[in-house]
2 protein chains.
Amino acid sequence: MKRPTIADIARLAGVSKGAVSYALNGQPGVSESTRRRVLAIAEEIGWNPNGAARALSGAPSHTVGMVLHRPARILGVEPFFMELISGVEAELSARSYALTLQVVADQPAEIAVYRRWWGERRVDGVLVCDLRVDDPRIPVLSELTLPTVVVGMLGESAELVSVWSDDAAAVVEAVEYLSALGHRHIARVGGLPELRHTAARTAAFEEVCRRLEVAPALTISTDYTGEDGARATRRLLSSPRRPTAILYDNDVMAVAGLAVAHEMGFSVPADVSLVAWDDSVLCQLVHPPLTALSRDIPAYGGHAARQLLDVITGLPASSVQDETAHLIPRGSTAAPPSATGRGA
Amino acid sequence: MKRPTIADIARLAGVSKGAVSYALNGQPGVSESTRRRVLAIAEEIGWNPNGAARALSGAPSHTVGMVLHRPARILGVEPFFMELISGVEAELSARSYALTLQVVADQPAEIAVYRRWWGERRVDGVLVCDLRVDDPRIPVLSELTLPTVVVGMLGESAELVSVWSDDAAAVVEAVEYLSALGHRHIARVGGLPELRHTAARTAAFEEVCRRLEVAPALTISTDYTGEDGARATRRLLSSPRRPTAILYDNDVMAVAGLAVAHEMGFSVPADVSLVAWDDSVLCQLVHPPLTALSRDIPAYGGHAARQLLDVITGLPASSVQDETAHLIPRGSTAAPPSATGRGA
DNA sequence: GCCGGGCACTGAACCGGATAAGTGGATAGA
DNA sequence: TCTATCCACTTATCCGGTTCAGTGCCCGGC
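Thresholds applied
Numbers given to residues run from 1 along each chain, matching the order in which its sequence is written. All chains are assigned letters beginning with A, and all ligands numbers beginning with 1, in the order in which they are written. The predicted origin of the model limits local features to residues at a pLDDT of at least 70 and limits the giving and counting of side-chain atom pairs to 80 or more, whereas totals for whole chains, interfaces and linings rest on all residues. The side-chain values count all of the structure's non-hydrogen atoms but skip hydrogen atoms and water molecules. Lines fitted to C-alpha atoms define the axes, with helix axes restricted to the stretch in contact, and inter-axis angles between N-to-C directions lie between 0 and 180 degrees. Helix and strand labels come from DSSP, where a helix needs a run of H or I of at least four residues and a strand needs a run of E of at least two; each type is numbered from the N terminus. Orientation labels follow simple angle bins: below 35 degrees gives roughly parallel, above 145 gives roughly antiparallel, 65 to 115 gives roughly perpendicular, and whatever is left gives oblique. By convention the crossing between two helices is left-handed if the near helix lies anticlockwise of the far one by an angle smaller than a right angle, and right-handed if it lies clockwise. Should any heavy atoms of two residues lie within 4.5 Å, those residues are counted as being in contact. Working definition of a nonpolar core: buried Ala, Val, Leu, Ile, Met, Phe, Trp, Tyr and Cys residues. They are joined through side-chain atoms within 4.5 Å. When accessible area is computed with a 1.4 Å probe and restricted to protein chains, residues below 20% of their type maximum are described as buried, those above 50% as exposed, and intermediate ones as partly exposed. When two parts are put together, the accessible area they lose, computed with a 1.4 Å probe and summed over both, is reported as buried area. Salt bridge, as applied in this entry: a Lys or Arg side-chain nitrogen positioned within 4 Å of an Asp or Glu carboxyl oxygen. Think of it as three bins: nonpolar holds Ala, Val, Leu, Ile, Met, Phe, Trp, Tyr, Cys and Pro, charged holds Asp, Glu, Lys and Arg, and polar takes everything else, Gly as well. Pairing between strands is defined by DSSP: at least two bridges between the two strands are required. One heavy atom within 4 Å of a molecule or strand makes the whole residue count as near it. Whenever two N or O atoms come within 3.5 Å, that pair is a polar contact, provided that in protein one can donate a hydrogen and the other can accept it, and provided that, for residues adjacent in sequence, both atoms are side-chain atoms.

### A look at the packing of helix α6 (residues 79–94) of chain A against helix α14 (residues 297–312) of chain A
All names here are of chain A.
- Packing of α6 against α14 leaves a shortest axis separation of 7 Å and a crossing angle of 45°. Considering the angle they form, α6 stands oblique to α14. Every pair of crossing elements has a handedness; the one defined by α6 and α14 is right-handed. Contacts between α6 and α14 involve F80, E83, L84, S86, G87, V88, E91 and L92 on the former and, on the latter, I297, P298, Y300, G301, G302, A305, R306 and L309.

### Things to note about the nonpolar core
- Formed by 56 residues in total, the largest nonpolar core has its most connected members in V64, M66 and L127 of chain A together with V64, M66 and L127 of chain B.
- When sequence neighbours within four positions are dropped, the list of residues in contact with V64 of chain B reads L92, Y97, A98, L99, T100, V123, G125, L127, L308, L309 and I312 of chain B.
- Core analysis: the second largest hydrophobic core is formed by 53 residues, A232, F266 and L274 of chain A together with L237 of chain B among them.

### With respect to the side chain of D167 of chain B
Residues and elements named next belong to chain B.
- Relative to the helices and strands, D167 resides in helix α9 (residues 167–181).
- Here D167 falls in the buried class, since its relative accessible area comes to 4%.
- Leaving out residues up to four positions away in the same chain, D167 has contacts with M153, H197, R201, W277 and R295.

### Things to note about the interface of chain A and chain B
- Between chain A and chain B, the residue contacts involve 50 residues of the former and 50 residues of the latter.
- Counting each side, the surface lost to burial between chain A and chain B is near 4,500 Å², with a carbon and sulfur contribution of 60%.
- Our count for the chain A to chain B interface comes out at 0 salt bridges.
- Split by residue class, the side of chain A that touches chain B holds 24 nonpolar, 14 polar and 12 charged.
- Of the strand pairs in this sheet, strand β2 (residues 98–104) of chain A and strand β2 (residues 98–104) of chain B are connected by 3 bridges, and their pairing is antiparallel.

### Side note on the protein's contact with DNA strand C
- Around DNA strand C sit 28 residues in total, of which S21 and R54 of chain A together with S16, S31 and T34 of chain B are the nearest.
- Within the side chain of W47 of chain A, a nitrogen or oxygen atom sits 3.0 Å from a phosphate oxygen of DNA strand C.
- One of the side-chain nitrogen or oxygen atoms of S57 of chain A is found 3.0 Å away from a base nitrogen of DNA strand C.
- For the surface near DNA strand C, the secondary structure elements donating two or more residues are α2 (17–24) and α4 (51–56) of chain A together with α2 (17–24) of chain B.
- Of the residues in the surface near DNA strand C, the class split is 11 nonpolar, 14 polar and 3 charged.

### Focus on the pattern of salt bridges
- Applying the stated criterion to the full structure yields 31 salt bridges over all chains.
- Residue R11 of chain B is joined to D8 of chain B by a salt bridge in which the shortest nitrogen-to-oxygen separation is 2.8 Å. Of this pair, R11 of chain B and D8 of chain B both sit in helix α1 (residues 6–13), 3 residues apart, roughly one helical turn.
- With relative accessibility at 58%, the residue R11 of chain B sits in the exposed group.
- Given a relative accessible area of 18%, D8 of chain B falls into the buried group.
- Taking the shortest distance from any N to any O, the salt bridge between R188 of chain B and D249 of chain B comes out at 2.9 Å. Of the two residues, R188 of chain B sits in strand β6 (residues 186–190) while D249 of chain B sits in the loop between β8 (245–248) and α12 (251–263), which places them 61 residues apart along the sequence. With respect to class, R188 of chain B is no different from D249 of chain B; both count as buried.
- Counted as one network, the salt bridges with shared partners bring together D167, R188, R201 and D249 of chain A.

### Here we look at the protein's contact with DNA strand D
- Lining the immediate surroundings of DNA strand D are 26 residues, of which S16 and S31 of chain A together with I6, S21 and Y22 of chain B lie closest.
- Backbone atoms, meaning sugar plus phosphate, form 54% of the atoms of DNA strand D positioned within 4 Å of the protein.
- Take I6 of chain B: an N or O atom from its main chain is 2.7 Å from a phosphate oxygen of DNA strand D.
- Those elements that provide at least two residues to the surface near DNA strand D are α2 of chain A together with α2 and α4 (51–56) of chain B.
- The greatest single-element share of the surface near DNA strand D, amounting to 4 residues, is contributed by α2 of chain B.

Shown next as C-alpha cells:
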C-alpha cells in the first residue's frame, strides 16, 4: 500500500502542496471551506504526516529517550526500573509522547547513543538515571543542549534540571528507628559506590551513626543484584561482630538477605532486623514482611517525565524535590536479642 | 552547537555531497584514499547521520515498536510484561535496534498508533501481544504491510509470523498432576476471555477435565489483576462446592489468591492446592512457595524480537513454537483433604 | 593514434513536508 | 479612480541525506 502524501491531497483538492500544508496545520492562509475540504480528503485517503519529512524541517519527534546501562535481563527482576518506566510512560502517553528505550553495555556506549540520538533528531529529550560522582554524561548532554532531566540527585551547581528525593533524610529515619528499638550495631548493604545517591546515603548513614553513638557504620558495597546482596549478608552474619540490624539499598537485596538469614539459621526479626529500600510487592510477600523505606516510584517517574516535557516545550522548569521515602515498619524489625531491658 | 552535515564534510574534503555519501556508506564510486579522508573528517567533526533525512529517502529507522494496551501503572507490577520487554530489549540492543513503547487506553487507539507509526515510518516493525479472538489489529497490520510478529498464538490461516507456546499442553500437564494427587474438583481463575490464549487454555482445561473424569471444569474470568484474582478466589472458596485445587492464569493472581486463602482460614496446600501460571520471583518468595507453570519469558521475548528482525530484513521467517511451560511443583500443591486413601 | 571502457567523481533530482516570498483578485479608503 | 491592503492562494526553497545520470580522465588494445 502506497502512503498518501500531501501532494496526493493537493492533487485531489485541486490546490497546491503549500495550501494543503497550511490547511492541515491550522495555519492562516487558506479559507475555511478549503481547509475543511483538505481535511476531509486527508481523512478519507488515510493520510498521516511523515515524521521524517517533518523532522527534516525541524519539527519535534514527540519521543523521549532513556538509555539503560545495565544487562537487559536484569530489568525484568528489578522492580525499581520497571515502576519508574511505568510512571514515565503513564505521563508520556497522556501527552501522546512515545518512550524509546535502549539498553547499553557501558557508559561510552551510553554517551554514543546520546550523540547519535541528538544527531539523528530521534528524541526531543532524555531522562538520565544513575548519576555518578563525576558523571561524564553531564558535560556531553550540556554541550549537545539536548533537553535533559536527571532522575536522582545532582550537585548544587548543575545547570541541568533534576527530580530528586532526600535519601539522607530517609537513612536518618531508618537508623533512628532502629536505634530507638535498641540496636547499637547496624550495618548497611549499599549499592554501587560510584553512584551519587549511594554516596549521599553512605555519608548520611555514617553521620547519623556517629550522632546516635551506635557502633561505627559499616557499609558493604554491592552491585544491587540479589546475589551480591546475599553474599554481603552472608559475610555480615558470619562476622565476629555480627550486626543486629541490616539496612539494604534496594528491595531485591533485602529479600535475598532474608533468605540467607533463614538459611544460616537466624530468625528474623528475633536475631537480626532487616530494612529494605524501595517497597515493591516483594517486601510484602516474603515472610516476615519486610520493613521498608517506601516511596511512590511511578509518581517519581511521572514527575521526571513532566519536567522533561516542560523543558522540551520551553516552559520554565527547575529541579524539584520529590517525596522523601518514609519508613513502613513491618515484621522484619524488632528489638535486638540483647536488649531485653533496653540497656546498652 | 550546530550539527555537522555531509555538506560540511564535502566542503572540508573538497568533494561533492554525493561522493561523501558513497564514502560513508561503503558504496563503490570513490577511491580508497578519498574514503579514508572523508571518514576521518566525519569522525573529527563529530558527524552523525540525520535519521530523518535518511528515513525520507526510505532508510529503515532501526526501531521496533510495541504498543501496550493496558494502564501504564500496571506495567510495574506485571512481571510477565517486564520480563518480556527485557528479553526483547536484550535481543534488539545486541543489534543496535531501539524499542519504542507506547501505552494506550483502548484498541482503537492502538490501531491509530500503528497507522501513525506506519505513516511516519517511525518503526521498522512491531510486536503485537494479547491476540484477541477476532482481532481487528491483524487486518490493519496486513493491509499496511508493516512487518509484524505476533507474540502468542495465531490461527492456522494467518499470514503473520508468530512466536507461540503450547498453552494447551501446559494446562494438561497441570491438571494431570493435580488429578494424580487425587484432586477431583479443580477450578481455574482465567484471564480475559476475549484473549485467544485464554480461550485455548479454557478449551484445553475443559477437555482434560472431561477426559480425566474430574468434576466439570469451572473457569472464572478475570482481568488478570491481583484484585480480580483475589475476588475470584474468595468466590470459589466460599462456594458450596469448594474446589480442592485452583489453577491461576498468571502469577499475580495466584499470589493474591494465596493471601485470600490464608485470610479465610484455609491452609495451603492442606485445604486447597494452588498452581500459578508464569513463574516469576513472586512465586518463590511467598509462603508456601507456589507450584507454577514456568517458562523462560525473556527468552520468549528474545525469540519474538529475532523473528521480527528477520521479517524486517527480509529473511525467511515463519512462525515458531517456543518452549512449552512446564510444571515446577513446590509447596502449594498436595493431595486434597478428603483423599487420604486416594479414593474417589 | 584513435577508440572503448572503466574509474572517480560531479550535479541534480528526489524523498515529504514547512515556510518565506510572490501573485492576482477583491475590497476599502482617499 | 487610483492606490493600499488584505486574502487566498502559488511558487520556490530548504531540511540532509540517497541515488542516478552524466562527465572528464586515464589506461589499454589494436
